[in-house]
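For reference, the chains in residue letters:
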Amino acid sequence: MSTLALLSGCRNESESQSLRPRQLRDVPAQKLAFTFAADVEPPQYVSADEPKQVQAIQQDFDERRKDEALVLLRTVLSPDGQRALALYSKQDEPSTTFHIDLYAASGSFIRNVTPPELAVVFQDSVVWSADSSQMAFVARKAAAQPTPSPTPLEPNEPPGLPLALDTPVPSPTTVMPVFAPLAMFATEQIYVADSDGYNLRPVTTRDGLIYFALSWAPDGHALAALACKESEWNERERAFKTPAGRPRTVTPEGKERLLDDELAQAPPVWSPDSSKVATAYGVDVGIYDDGGKAPSQARIVLRDRLFSSSLAFDASKSSDQSKPGGGNSPAVTAGDPVSFNPIVRIEWPMPEKMFFETAYVSIRSDLIKTFSRWHALTLSPQAVVLR
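Residues numbered from 1 in each chain as written. Predicted model: local features only at pLDDT ≥ 70, side-chain atom pairs only at ≥ 80, totals over all residues. Heavy atoms only, no water.

All right, on to the packing of aromatic side chains then. For the coordinates displayed, the defined rule picks out 9 aromatic pairs. Arranged with centres 5.6 Å apart and planes meeting at 55°, the rings of F61 and Y88 form a pair that is tilted. Residue F61 is found in helix α3 (residues 55–63), and its partner Y88 is found in strand β5 (residues 83–90); the two are separated by 27 residues along the sequence. The pair formed by F61 and Y88 is uniform in burial state, with each residue classed as buried. In this structure an aromatic cluster arises from ring pairing among F61, Y88, Y103 and F109. Here the guanidinium or amino end of R65 rests over the ring plane of Y88, the centre of that ring lying 5.3 Å away. R373 extends its terminal NZ or CZ atom over the ring of F313, reaching a point 4.5 Å from the ring centre. (Phe/Tyr/Trp six-rings, centres within 6.5 Å; stacked < 30°, edge-to-face > 60°. Helix = DSSP H or I, 4+ residues; strand = E, 2+ residues; numbered from the N terminus. Buried < 20%, exposed > 50% of the residue type's maximum accessible area, 1.4 Å probe, protein only. Lys NZ or Arg CZ within 6 Å of the ring centre and 35° of its normal.)

Further remarks concern the sheet that holds strand β7 (residues 109–112). The strand order across the open sheet formed by 4 strands is β4-β5-β6-β7, and the pairing between neighbours is antiparallel. Each of the sheet's edge strands pairs with one partner strand only, and the pair in question is β4 (70–77) and β7. Averaged over all pairs of adjacent strands, the angle between strand axes in this sheet comes to 30°, irrespective of strand direction. Here β4 runs beside β5; their pairing, made up of 7 bridges, is antiparallel. Residue pairing in the sheet places L72 in a bridge with Y88 of β5. The sheet contacts of α3 involve β4, β5 and β6 (99–104), and relative to β4 the element is tilted by about 160°. (Pairing = 2+ DSSP bridges. Axes fitted to C-alpha atoms, helices over the stretch in contact; angles between N-to-C directions. Contact = heavy atoms within 4.5 Å.)

Pairing between β6 and β7: 3 bridges, direction antiparallel. Residue pairing across strands places D101 opposite N112, the latter belonging to β7. In sequence, β6 turns back onto β7 through a hairpin of 4 residues, with G107 there showing a positive phi of about 105°.

Right, let's talk about a nonpolar patch on the surface for a bit. There is a patch of nonpolar side chains on the surface, built from F240, I363 and L367 and spanning about 260 Å² of accessible area. Structurally, F240 can be placed in the loop between α4 (230–238) and β15 (246–250). A relative accessible area of 33% means that F240 is categorised as partly exposed. (Patch = residues over 30% accessible without salt bridge, like charges linked within 9 Å, V, L, I, M, F, W, Y side chains within 5 Å. Areas by Shrake-Rupley, 256 points an atom, 1.4 Å probe, with all protein chains shown as cover. Salt bridge = Lys/Arg side-chain N within 4 Å of Asp/Glu carboxyl O.)

On to the confidence of the model for the chain, then. The predicted coordinates of low-pLDDT regions are not to be read in fine detail. Model confidence for the chain is summarised by a mean pLDDT of 84, while 79% of its residues fall at 70 or above. Note that residues 5–18 has pLDDT below 50 and, in this model, 13 contacts with residues that lie over four places away or in other chains. (pLDDT = per-residue confidence, 0-100.)

Right, let's talk about the nonpolar core for a bit. Generally speaking, nonpolar side chains in soluble globular proteins are found buried as a group. Grouped together as the largest cluster of nonpolar side chains are 24 residues, with contacts concentrated most on V285, I287, L302, I346, M354 and L377. The element contributing the most residues to this core is strand β21 (residues 343–350), with 3 residues. Grouped together as the second largest cluster of nonpolar side chains are 19 residues, V113, V126, F185 and L200 included. (Core = buried A, V, L, I, M, F, W, Y, C linked by side-chain atoms within 4.5 Å.)

Written out as structure tokens, the structure reads:
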């Protein structure tokens, strides 16, 4: 078993006899111990197929809304199975942005959630809270649409008057819903709404930052997210790298807490008891307390363990492949084993058990992901002296 840095020192025999572990949620991050296991099976739900489209909603788009020229991209079912968010785009809009409507799981349309001026982004950041009472997503102000050219006047037609005063003016065939005033921003911010689609509001308002990789705390008290500057996003995009951002938590009331100043690559995840947040930096795992009078943080340094396991893994596979260029983390160099790659995903299904995936990932015309391997950390409290 290994312990995280920051806690060392010898205890005498009498002290060692008065040690007792505590509950993990009560143990500060910097006082966790861990054991490492390489090349394990991932949690069962990771291997499951992607959530299927709610067919009743797809049918509504195909039949009732076929004249609206919409493309249904994905449906996100609420945890209680009662409602679903329909993510869709219009044929004349950029493929990277979309809108959200609220449906009953039976396929009945309820209401539009997002106004047309709001462009939603990042399909994997459209998330329900665990109790299905709130939804969250990332959006920015939509690019200005060109104003239609006015219809040319007929010869001798006075401006502002119809050709014949008794000609009826046709009524519009559709009426857009009325949305409450909503603050919008040039860069991607976090928006939250209630389960009925109302009370939509931004909970971050820092124009110039791009927020992404949202995750609700299991008890719904806050979201974890990554955020970076627009210039940092563009720099990684030019290098065909996946986004990286500084981890933080944000409450539905808009209270934001920065967890670290370093850019993390793995989407943040919560412990099942909502007490801690974890993310990854290259081949290290960072764990952060979310509450308490003096929240702490810890870094689990895994380079040596992952390097050794990668040597053994490559030898067992007799691999003679070379690592493709571009997209690697600074923690991994060209001379490293082929299977030695950064941490790209973390799953925390049990308080004492954390799984993480290492893989080579690059973004070119499509997402490239190879050399995927899963590993596990078993967490436990360090012993505490009882006074």
